[in-house]
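Chain and residue survey
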Amino acid sequence: MSVLRIAAAALAFTFAAPVTSAPLEYYLPEGVSYDASIPEPAAVIGHEVGEWHITHDRLVHYMRTLAEHSDRVQWHETGRTHEGRPLLLLAISSPANLARLEEIRNRHLALSDPRRAGPDVTDMPAVAWLGYSVHGNEPSGSNAAPVVAYHLAAAQDEWTRQLLDRTVILFDPSFNPDGLQRFSTWANMHRGHTPSGDPQSREHNEGWPSGRTNHYGFDLNRDWLLLVHPESRARITEFQRWRPNLLTDHHEMGSSATYFFQPGVQTRQNPLLPQRTFDLHLEIARYHADALDEVGVPYYTREGFDDFYLGKGSTYPDLQGSIGILFEQASSRGHLQETPHGELSFPLTIRNQVLTSFSSLRAVLDKRVELLRWQREFYETAYAAGRRDATRGWVFGDDGDPARGRQLVEVLLAHGVEVHPLARGVTIDGHEYAPGAAWVVPTGQPQYLLARGIFERRTEFVENTFYDVSSWTLPLAFGLPHAELRRQFGDRLLGDRLATAPQRAASAPVPEQAVAYAFEWSGYFAPRALHRLLAEGVRARASTEALTLETADGPRAMARGTIVIPTGIQDEVTPARLRELLAVATERDDIIVHAIRTGLSVDGIDVGSPSLKPLELPRVALVVGPGVNIGEAGETWHLLDNRFEMPVTLLEITTLQRMDLGRYTHLVLPNGNYDAMPPVAATKIRDWVRAGGILVATKGGARWAVNQELASVEFQAGPADIEQPERRDYADARGVAVLQLLRGAIFETDLDTTHPLGWGIPRRSLPVFRDSSTYMKLPSNPYVTPVRYTAEPLLSGYVSPENLRTLAGTAAVVAMRSGAGAVVLSADNLNFRGYWYGTNRVFMNAIFFGSLIEATPIPD
């Protein structure tokens, strides 16, 4: 302790106490004594809570210190972020409970499996999960975490002893370590000795990218279901290991607001959620109200927020017999900020999060038996409903692409959804599902409601307002064929239940004797394999026509987009090194490499045909910075860098005029407002494209490209046929505005699979996610629209009739020559939230085959 105090004194000298600081007693309950052997936060982190924004390293250090000094706290590291920061989940309970933690966990899990005997809950501990600041620039949660953890570790009052005897508290001090670190650095570096509450201060206006997101710019509060990122995968692994009775999710909102806690808008609740879940939210809300009333904090419920999208932190638990609670505190966005309610200090925001952390725990303790019984009842009811359902399950196939099929299986298993391999072939709606390449998710399982939420398509809604997206059907996003299994199929299609996702098939050795090697473009990771080869100097060509070649295993028909590597033209790699690279591709990228025995084809073009086009190593630059949508830029960066292992240069929009664009083959403009781009930079981009560069632009980026006359496309403003009456009631204005929005739904497009952007994709029907009102009219040239919305495009989600009429038949993707280069414009984000594997392939085709797009004549 003396060492800690010396360190604290040194830090205190560096960080002089500001007027916004508050002693620890400000946050803690009155009349409670604390164990003097447990270090207070300031003794470890070097400042009072709320005096400075805690950095993630100091937060981790304090949590580790508590675990070392208290027999009530167990330290668990569950994973690492993209930036290598530890992901923590402390277990806090009585020493007796911690000594038998695994026994408690196993007994608790029995509640969620109706096929097991239900345990007696009379003396069973409830499980509560306290989670903080999934958005890193909403920091009051993570800054409250040391206070709450200290109290639980050191408090000597009777209530805390009872709480720890009767509950296990899973404690996550930071859902988003990378974002928290980024924002704490921003807030601290701009804080003066005398804090300024002026909203115009730079401290309160965070630069690009904000700390809201993780390393790649993703909103982790949308990733609970999708599991794209290590933070989410680690969290859901622990959630499924425990299935807590209650989970808190502490956020912030605009500075002019007050404090929100759930329930949200009842009519906007996901219809899969039971009424009892909403009722429990109401009952628990009374605890939060009492805590905030006591200190005079204004608050509200049942407005603004909802529990519809299942991939948010407050909704995901609700569909698993738990109670997920969203808290939203008005943000100081720094240390002090002027608001319509007076000056809002950082310590005040922290105190409110501490209060609702304790009120949540009071509710769990008081309603312990009720919450335990509800979890059991929830799963019994769900299991029975699944067994009664006329739908016996869902079947999905890998579409000839094992990587996408396996990835969906991994996501389902991570959520505790039961998956079986298909035991016998079945044909539904003309599609053949074959054993070894298809799986079944039965409805007769405890996770029936979650499985239904993942697979269902919904187009009818009670409400037309959504806090987030209105549809997320995973097999549509993965671009996989799927179907409902009706009663006539029974259980005869089920193989043995999977414990883990299927492993990659063992790859055959690459033969030495070949005039060429070839692999088809239908595999999701074929671009990764091709990039690795090109980066090593391998000369590869893409087939612009179908061909049948004589392989070591006999004739093989191959589609457009097949990659052919003639062995006789390789001057930068040895034959042995080429085989090594191809072996890596077969092992890591789920592709099959064919050894070609002769250059003369069985059918179609030959290996030396001019229709086999040479490919260049893509050198991709991504425009980022002020005005560019952080999420959409990050989704593209993550796709290329993390998933396909391609280096990406991030170019700042405000300094583009100084950059040498000749270093790059491709320039990606994500959605955004490009007003910040200097005119000189715009001229450089136009010249670069016309000299041979490939521009890939999405939504706002596409509009900018058209305004720069890089492509001949017209945009439609949106619904133009809404009949406007002469007078409407003021209160109806919000509803009309909602009808004009498109918050997120899934639509069908028609894909030209003969176009380079469609190569490797086996079916013309391509589901696309849309969350914007960017409508591209069909260009006069009929050959430049490889992706077009169908006449009746809605597959799942909400869209107003006016928006649907406007969207039908419009262009989704346009690709055309521009001088010696090419421009690819997309009305939609093809890489949405990292889980749209189906449309990722169109984007990757633009990267690898954009240079192969040819000028096409306009018919008379």
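A short tour of the structure in this document, coming up. Just so it is clear, the model here is predicted, and its values are computed rather than measured. (Residues numbered from 1 in each chain as written. Predicted model: local features only at pLDDT ≥ 70, side-chain atom pairs only at ≥ 80, totals over all residues. Heavy atoms only, no water.)

One open sheet holds the seven strands; their spatial order is E1-E4-E6-E5-E7-E9-E8, and the pairing between them is mixed. Edge positions in the sheet fall to strand E1 (73-74) and strand E8 (259-261), since each of these pairs with one other strand and no more. Here three bridges tie strand E4 (residues 90-92) to strand E6 (residues 167-172), and the two strands are oriented antiparallel to one another. Across the sheet, the residue bridging to Ile92 is Ile169, located in E6. (Pairing = 2+ DSSP bridges. Helix = DSSP H or I, 4+ residues; strand = E, 2+ residues; numbered from the N terminus.)

As a further point, take the sheet that holds strand E16 (residues 438-442). The four strands lie next to each other as E13-E16-E12-E17, forming an open sheet whose pairing is antiparallel. Strands with a single pairing partner mark the edges of an open sheet, and in this sheet they are strand E13 (420-421) and strand E17 (482-486). Relative to E16, strand E12 (residues 391-397) is paired through five bridges, and the arrangement is antiparallel. Within E16, the residue paired with Gly393 across the bridge is Pro442.

A separate point is the packing of helix H16 (residues 526-535) against helix H17 (residues 575-588). When two helices pack together, you describe them by how their axes are tilted relative to each other and by the distance separating the axes. It is at 10 Å that the axes of H16 and H17 come closest, and there the two elements cross at 160 degrees. The orientation of H16 relative to H17 falls into the category roughly antiparallel. By crossing handedness, the relation of H16 to H17 is classed as right-handed. Contact residues: Arg528, Ala529, Arg532 and Leu533 in H16; Leu578, Leu581, Leu582, Val584, Ala585 and Arg588 in H17. Here the residues of the contact of H16 with H17 sort into seven nonpolar, no polar and three charged. (Axes fitted to C-alpha atoms, helices over the stretch in contact; angles between N-to-C directions. Parallel < 35°, antiparallel > 145°, perpendicular 65-115°, else oblique. Left-handed = near helix turned anticlockwise from the far one by under 90°. Contact = heavy atoms within 4.5 Å. Nonpolar A, V, L, I, M, F, W, Y, C, P; charged D, E, K, R; others polar.)

For the rest of this paragraph, the subject is the pairing of strand E21 (residues 554-558). Bridge count between strand E20 (residues 547-551) and E21: five bridges; the pairing is antiparallel. Within E21, the position partnered with Leu547 by the bridge is Met558. Between E20 and E21, which pair antiparallel one after the other, the connecting turn spans two residues.

Examined against the element boundaries, Asp399 turns out to sit in the loop between E12 and helix H13 (402-414). Residue Asp399 is classed as buried on the basis of its relative accessible area of 15%. A distance of 3.0 Å separates a polar atom in the side chain of Asp399 from a polar atom in the side chain of Arg763. Apart from residues no more than four positions distant in its own chain, Asp399 is found in contact with Arg404, His431, Gly479, Leu480, Pro481, Pro762 and Arg763. (Buried < 20%, exposed > 50% of the residue type's maximum accessible area, 1.4 Å probe, protein only. Polar contact = N/O pair within 3.5 Å; in protein donor to acceptor, adjacent residues only side chain to side chain.)

Along the chain, Ala711 turns up in the loop between helix H20 (700-707) and strand E30 (715-716). Residues Ala711 and Ser818 lie 107 residues apart in sequence; the distance between their C-alpha atoms is 6.8 Å. In contact with Ala711, other than residues within four places in its own chain, are Ala705, Val706, Met816, Val823 and Leu825.

Okay, the environment of Asp307 next. You can see Asp307 is positioned in the loop between helix H10 (275-294) and strand E9 (323-330). Once the C-alpha coordinates of Asp307 and Asp468 are considered, the two residues, 161 residues apart in sequence, prove to be 9.3 Å apart. Excluding residues that lie within four positions of it along the chain, Asp307 makes contacts with Gln262, Arg268, Gln269, Asn270, Leu273, His281, Lys312, Ser314, Thr315 and Asp318. At a separation of 3.0 Å, a polar atom in the side chain of Asp307 contacts the side chain of Gln262.

The next thing to look at is the nonpolar core. By size, the foremost hydrophobic cluster in this structure holds 231 residues, and its most contacted members are Phe171, Ile563, Ile685, Leu695 and Leu825. Every residue in contact with Leu825, bar those within four places of it in the chain, is listed here: Ala697, Ala702, Ala705, Val706, Ala711, Val713, Met776, Ala812, Val813 and Val814. One finds Val426, Ile428, Phe489 and Leu493 within the second-largest nonpolar core, a separate group that totals 11 residues. (Core = buried A, V, L, I, M, F, W, Y, C linked by side-chain atoms within 4.5 Å.)

We now examine H16. Residues lying three or four places apart along an α-helix face the same way, a consequence of the helix completing one turn every 3.6 residues. For H16, the tally of buried residues reaches nine of 10 residues, placing the bulk of the element in the interior. When we look at burial in H16, the residues that qualify are Ala526, Pro527, Arg528, Ala529, Leu530, His531, Arg532, Leu533 and Leu534. Where H16 is buried, its residues meet strand E18 (516-519), strand E22 (563-566), H17, helix H18 (630-643) and helix H23 (837-849). Positioned one or two residues after H16, Gly537 has a phi angle of 90 degrees, which is positive.

Further remarks concern the packing of aromatic side chains. Scanning the entire structure with this criterion turns up 39 aromatic pairs. Seen in terms of ring centroids, Tyr26 and Tyr27 are 5.1 Å apart; in terms of plane orientation they differ by 75 degrees. Their pairing is edge-to-face. When its relative accessible area of 33% is taken as the criterion, Tyr26 is described as partly exposed. Under the relative-accessibility criterion, Tyr27 is labelled buried at 3%. Put simply, the rings of Phe308, Tyr309, Phe461, Phe466, Trp472 and Tyr798 pair up and form one aromatic cluster. The cationic tip of Arg191 hangs over the ring face of Trp52; the distance from NZ or CZ to the ring centre is 4.5 Å. A cation over a ring is seen here: Arg235 above Phe175, with NZ or CZ 4.9 Å from the ring centre. (Phe/Tyr/Trp six-rings, centres within 6.5 Å; stacked < 30°, edge-to-face > 60°. Lys NZ or Arg CZ within 6 Å of the ring centre and 35° of its normal.)

The buried fraction of strand E26 (residues 620-624) is high, at five of five residues. Of the two faces of E26, both are covered, the one formed by Val620, Leu622 and Val624 as well as the one formed by Ala621 and Val623. Looking at chain direction, E26 and strand E27 (residues 648-652) are connected through five bridges and run parallel. Bridge assignment links Val624 to a residue of E27, and that residue is Glu652. One crossover worth recording links E26 to the parallel E27 by way of H18, and it is right-handed. Across three bridges, E26 lies against strand E28 (residues 666-669) in parallel orientation. Bridge pairing in E28 places Val620 opposite His666. (Right-handed = clockwise from strand over helix to strand, strands pointing away.)

The next thing to look at is the layout of surface pockets. As a volume, the largest pocket reaches approximately 830 Å³. Lining the largest pocket are 32 residues; nearest its centre among them are Pro402, Ala505, Asp590, Ile591 and Ile592. Where the lining of the largest pocket is concerned, the elements lending two or more residues are H13 and strand E23 (594-596). Grouping the constituent residues of the lining of the largest pocket by class yields 15 nonpolar, nine polar and eight charged. (1 Å grid on protein atoms, 1.4 Å probe; cavity = no way out; pocket = protein on both sides within 12 Å on 5 of 7 lines; lining within 4 Å. Points joined across faces, edges and corners; volume = space filled by probe spheres on them.)

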